[in-house]
Amino acid sequence: MMSQERGRKPVFILAYLLLMALPCMSFLPNFWSRVLTLSWNSRTHQQITEQAILNVTMETLRGIKKHHAEEETRLGRGFCRAVGEVVQSNAAMDFLSSTRSDPVYHFDSERVDSAMGMLRQFWAQTLLSVRAKEYQTARHSLGQLFHSLQDFYSHSNWVEMGHRFIYLHLLQPEEPAIPVATDDTPTCMECFSVTCRDNLMSRMTNAKQETQLLTTGYFSTFPPKPHGKCSHGGILDRSRFIGAKGGINKDSTSPLFSPHHYLHMEAANLAMEATLSVLRDLRDTVGQNTFLRLFSVKQVSALVFVMDTTGSMFEEITAARYRAHSIIEGRASSPGQPGTFILVPFHDPKFGPVYETDDPNQFMQQMENLMALGGGDEPEMCLSAIQLALTHSPPLSEIFVFTDASPKDAHLIDVVKALALEKQSKVTFLLTEDPNYTSESRGRTRSRSSRSRSRRRRRRRRREVLSPDRFSLYSSLSSLSGGLTIFTTNSDIRSVSAIVEDNTAADKVTLLHVESDEELMSSHSFRVDSSVKNVTLHVTGILTECVLTSPSDQSQSLLSQTGPLAELERFEGLYRISLLYPVQPGKWKLQAKSDGHLTFNVIGDSNVDFLYYFATVTNETHPGLAKVEGSPVAGVPAFLVLAVTGLAPDEEASFSHVTLLGADGESLLEVKLNSSSSSSSSSYSVEELVGWVDSVPVDPFCVRLTGRDGRGNKLERVSTEMVQPTHVQIQVLSVPRLVPGHSTMVDFDILNHGPARLFSLAADDDHGYLQKRGPHRFHVAEQGPFRGQVDLLTPSTAQAGATVTLTFTVRALDSLDSNYAVAYLTVIPPDPDTSPPSCSAARVQSTCPSICNESNWSVSLVVSDRGRSGLAALQLQSGEGNLTLFHNPPPTEDNLGEDQPGQDRQQAHRDKTTSGGHHHQHHHHQHPKARLEKGDPPLNVSEWAPGSSQPLWVKYESSCCSAQAELLVWDTAGNMKRCHLTSGQQRQLKDRSTETSGAGQITLTAALFLGLLWPFLL
């Protein structure tokens, strides 16, 4: 259990004062919205989405294997980040200028048909991205889908019609539809109070389906509200004064904001059921393991190598191979999901391609294939390779760069920094310098001994004088991202590369990260709490003195003696210090002296960690905290939102404040914390905290969280990336879809928070689709905006589902002010097959007596594809019987073909039975092709009649003790159909979801727009 300091009155008073400026037109976006609307028990988009993802994730884990209760709490920091991306994408629909007032995104103003089309596009985009393993993009589109889907139940009259089950037609066009009221049909009556009861016309609340009409409320002044239509309602909806007065929204439990507040819980429950339904269909379509990968469940850190492959890099490549092999061996028995392995080679003038795999053996094969050949010149395309690594690796990755050359592509440094910050990924450089780089030219970095020089086997040819600052861009990137820059030698690179294993092990947390340029003795401290194990210190640079002091005031001089506190390993460019077991909890001190630059990094093993972001109160159409994209604005107030992860349900801890630390570890500002939520899930083990920052510091800073563990020990965690406060903002206004062969415009806004001045804008994408990259120069007035757009041309050969990462960087020409924005655009097919397969019952045999185990029942089906793709696969999802597939009607059921128009009854005499990937020839055309049972993987039937709409005949037989079953059918375009089989069904197949209310399960009958997802099912 977790407790926090509460009752920070200034924050709540501020929220209350802001309340009157904040309209509301959907389920409240996030936790803070309940404060702003004084509706503490309202269900928000955030709460519905988080709980649904958690429920289906735990359901999926239990389906794979039994998990102990304590394991269920350890979903990991990556899971928290992944869920946060979905939630923030959901909330952004209420905050972005391109979506917040558009009725199509919120099921407003009776734009139901257009909103359903948008929903289905989000579904298609999500599944395309999953197929392409573009999980971050998939999470973004999934959040958008959830927002619109959840809004339907709050903004329409679905609940008022008495429905206690979800509206299947929203995502499944073949399901029965309820017509939408025409423009000239009155839908509401006048309401003159804040609570509107019985203000819908009788036809809008009729329980008889044949006479029902759908309507949704109009919001504000656009589009204009026709007379007699319903308003959204609430004190900030200007349309509520136009007849019919009042409103119908169920967004909250507050009558001030929601005229139908008394139906809020019913609407929220249906929104939850609809969200669960989508997630379950997504899981069943892509498979359990892929579903868990989508949400980074129990994922170990990605192993990402960026490798210089020029002729001087033999020792470095050998060291990287050794570390990769050691890590893979160590993970072989890991209970977590398989990790991601990424390799990006580079030299000059080429870089890439990216080798990405989940198979450790394939990754090792690629490492073995690396050859140190060619090259010889300075510099090389290192930043281009890092850009590829960042765009292909998951968030929170550790990226390791092996090189001895400076960057030739220095113009990419702002883009690479933006990507590292956006993904919260660390970049660490292991540099084996060129021997021609002498101590005189290197400045304050360490000199190489003559012995080390003689050991170098391959040398680059010196063709120009080497700059003393040639590695400065690497140092600035590692410092910004929270990584390290290590200058070492070929003889030590294998030992130094141990840092790769240290940092990619599971559940690593940072206790201290600081840089120092002091020539005198510098002093730093870090705290070890009861949850921290295996503490390791990394120090880069050259130490002349180093003293470690324990919480009990016992000291050890690390350079001159062995002792009871720690063990020191010294390599060229790196000191690796391991605290000896048992590690004392409490405050540790490290005093160090050097004649140059030092970086201290202290890590340990612990489940307890945190994520954070800056946010501002929205002042447009929705109450809530909108995440600040890019760097925060210096000198202005902001909220700091944190999510603490990894605490067990019975683990007590309190968190009082965060400290914003400068580059040298000095305290810039202390921010008190309040709990943001009173209903966190114990199994999720995440609690959101919020702090009020009176004025964001001007200087760069990192964030340190402070609290106490259950034993009273002080607990500290550090997020190592350096926040760069600024006086300029940039925001991408629209994230359109990319269509092969077409041009697409992306709009952006720049807001200058300083005096009138010139700015430079650069845009870059990782596929080369941009028509003009810049830099572009323009003038922006004092405190003024600038709106622009860039053009991307998607080639006709672009692969559907691919993600294009578009990065904007803006920089003032008269100061250090700069900022960034990153957008992810998805390539979609121009004309996808969106028609799912169909199932129709041809014959039912059921004579089930009262004693069920004395008889069987069976149903014969015809399965066909209604689109143009052809059948791809079948799977028996549930049921205790057997499913038999035939290419022709079974001989005992001659009437089976009567229901099949256009059937060729004289086709093929030879059938192939597909089982376990093998094909066997049979010469009796009536012979069954395959049999399926529950638990069998999807059966590939695409080779039976490739590219054809040829139907299959299916017979299901089961004991009367198992009266239901479910068959999943896919076509080769990836569209899915759920076929529900029951012993009591007659001629027509019961082909719809069971209608339930409350917490019962709802399953979608068809997962549309799966476009080309079939390879995941094989």
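S.K.: Lay out the overall build of the chain in plain terms, naming residues and giving numbers.
M.R.: Counting secondary structure elements, the chain contains 18 helices and 43 strands. Pairs at least 24 apart in sequence give 74% of the contacts found in the chain among residues at least 6 apart.

S.K.: Help me get a handle on the nonpolar core, residues and values and all.
M.R.: One finds Tyr153, Trp158, Leu170, Leu279 and Phe295 to be the most contacted residues of the largest nonpolar core, which totals 60 residues. Those elements giving two or more residues to this core turn out to be α3 (45-64), α5 (77-92), α6 (112-131), α7 (135-155), α8 (264-286) and α9 (288-294). When residues of this core are assigned to their parent elements, the largest contribution, 11 residues, is made by α8. Contacts of Leu170, omitting those with residues within four sequence positions, involve Phe107, Met116, Leu119, Arg120, Leu149, Phe152 and Tyr153. Judged by nonpolar contacts, the second largest core, of 38 residues, contains Leu383, Cys702, Tyr820 and Val822.

S.K.: Break down the confidence of the model for the chain for me, with residues and values.
M.R.: Mean pLDDT over the chain: 82, with 82% of residues reaching 70 or higher. Note that residues 986-1018 has pLDDT below 50 and, in this model, 135 contacts with residues that lie over four places away or in other chains.

S.K.: Can you lay out the packing of aromatic side chains for me, pointing to particular residues and giving the numbers?
M.R.: Across all of its chains, the model carries 23 aromatic pairs by this definition. Between Phe429 and Tyr474, the ring centres sit 4.4 Å apart and the planes meet at 15°, which makes this aromatic pair stacked. Of the two residues, Phe429 is situated in strand β6 (residues 426-432) and Tyr474 in helix α16 (residues 472-481); the sequence distance between them amounts to 45 residues. The exposure class assigned to Phe429 is buried, which follows from its relative accessible area of 0%. Members of the aromatic cluster, connected to one another through ring pairs, are Phe107, Phe152, Tyr153, Trp158, Phe165 and Tyr167. The ring of Tyr262 is capped by Arg197, whose NZ or CZ atom sits 4.1 Å from the centre of that ring.

S.K.: If you had to explain a negative patch on the surface to someone new, which residues and values would you point to?
M.R.: A contiguous patch of negative charge, built from Glu518, Asp664, Glu666 and Asp699, is present on the exposed surface. Of note, Asp664 is situated in the loop between β20 (653-661) and β21 (667-675).

S.K.: Tell me what's going on with the sheet that holds strand β26 (residues 743-752), and back it up with residues and numbers.
M.R.: The strand order β25-β26-β29 describes an open sheet built from 3 strands, whose pairing is antiparallel. The open sheet has two edge strands, β25 (728-732) and β29 (785-793), and neither has a second partner. Within the sheet, the average angular offset between the axes of one strand and its neighbour, ignoring direction, is 25°. With 5 bridges joining them, β25 and β26 adopt antiparallel strand pairing. Across the sheet, residue Ile730 finds its bridge partner in β26, namely Ile750.

S.K.: Tell me about the state of the cysteines, residues and numbers included.
M.R.: Counted according to the given criterion, the structure contains 5 disulfides. Residue pairing for Cys188: its cysteine sulfur links by disulfide to Cys230, the two sulfurs lying 1.9 Å apart. Between Cys188 and Cys230, the S-S torsion sits near 95°, and that sign places the bridge as right-handed. A residue pair is termed long-range when its members are at least 10 positions apart, and Cys188 in the loop between α7 and α8 and Cys230 in the loop between α7 and α8 qualify at 42 residues. Per residue, the accessibility class of Cys188 equals that of Cys230, and both read buried. Residue pairing for Cys852: its cysteine sulfur links by disulfide to Cys961, the two sulfurs lying 1.9 Å apart. Handedness of the Cys852-Cys961 disulfide follows from its S-S torsion of about 85°: it is right-handed. Taken together, the residues span a long stretch of sequence, with Cys852 in the loop between β32 (837-846) and β33 (856-865) and Cys961 in the loop between β40 (952-959) and β41 (964-971) at a distance of 109 residues. Cysteines bonded in the chain are numbered consecutively along the chain; their disulfide partners then correspond to 1-4, 2-3, 5-10, 6-8, 7-9.

S.K.: Can you explain the sheet that holds strand β28 (residues 776-780)? Please cite residues and give values.
M.R.: The strand order β28-β27-β30-β31 describes an open sheet built from 4 strands, whose pairing is antiparallel. Among the strands making up the open sheet, the edge pair consists of β28 and β31 (818-826). Strand-to-strand twist across the sheet, computed as the mean angle between neighbouring axes with direction ignored, equals 25°. Note: strand β27 (residues 757-765) against strand β30 (residues 803-812), 7 bridges, orientation antiparallel. Following the sheet pairing, Ser760 is matched in β30 by Arg811.

S.K.: Outline the environment of Asp749, supporting the account with residue identities and numerical values.
M.R.: Within the element layout of this structure, Asp749 appears in strand β26. Taking the C-alpha atoms as reference points, Asp749 and Phe786, separated by 37 residues in sequence, lie 5.8 Å from one another. If sequence neighbours within four positions are ignored, Asp749 has contacts with Gln729, Ile730, Gln731, Leu733, Phe786 and Arg787. Separated by 2.8 Å, the side chains of Asp749 and Arg787 make a polar contact.

S.K.: Before we move on, could you go through the packing of helix α13 (residues 413-423) against α16 and cite the residues and values that matter?
M.R.: Two elements in contact, α13 and α16, have axes separated by 10 Å at closest approach and are oriented at 20°. In terms of axis orientation, α13 runs roughly parallel to α16. Judged by the sense of rotation from one axis to the other, the crossing of α13 with α16 is right-handed. Every residue of α16 that contacts α13 at Ile413, Val416, Lys417, Ala420 and Leu421 is listed here: Leu473, Ser476, Leu477, Leu480 and Ser481.

S.K.: Tell me what's going on with the side chain of Thr809, and back it up with residues and numbers.
M.R.: Here Thr809 lies in strand β30. On the basis of relative accessibility, which here comes to 7%, the residue Thr809 falls in the buried class. Those residues in contact with Thr809, other than ones at most four positions away along the chain, are Asp414, Val415, Ala418, Ser760, Leu761, Ala762, Asn819 and Tyr820.

What counts, and where the lines are drawn
Residues numbered from 1 in each chain as written. Predicted model: local features only at pLDDT ≥ 70, side-chain atom pairs only at ≥ 80, totals over all residues. Heavy atoms only, no water. Helix = DSSP H or I, 4+ residues; strand = E, 2+ residues; numbered from the N terminus. Contact = heavy atoms within 4.5 Å. Core = buried A, V, L, I, M, F, W, Y, C linked by side-chain atoms within 4.5 Å. Buried < 20%, exposed > 50% of the residue type's maximum accessible area, 1.4 Å probe, protein only. pLDDT = per-residue confidence, 0-100. Phe/Tyr/Trp six-rings, centres within 6.5 Å; stacked < 30°, edge-to-face > 60°. Lys NZ or Arg CZ within 6 Å of the ring centre and 35° of its normal. Patch = residues over 30% accessible without salt bridge, like charges linked within 9 Å, V, L, I, M, F, W, Y side chains within 5 Å. Areas by Shrake-Rupley, 256 points an atom, 1.4 Å probe, with all protein chains shown as cover. Salt bridge = Lys/Arg side-chain N within 4 Å of Asp/Glu carboxyl O. Lys, Arg positive; Asp, Glu negative; His and termini not counted. Charge placed at Lys NZ, Arg CZ, Asp CG, Glu CD. Pairing = 2+ DSSP bridges. Axes fitted to C-alpha atoms, helices over the stretch in contact; angles between N-to-C directions. Disulfide = S-S within 2.5 Å. Polar contact = N/O pair within 3.5 Å; in protein donor to acceptor, adjacent residues only side chain to side chain. Parallel < 35°, antiparallel > 145°, perpendicular 65-115°, else oblique. Left-handed = near helix turned anticlockwise from the far one by under 90°.

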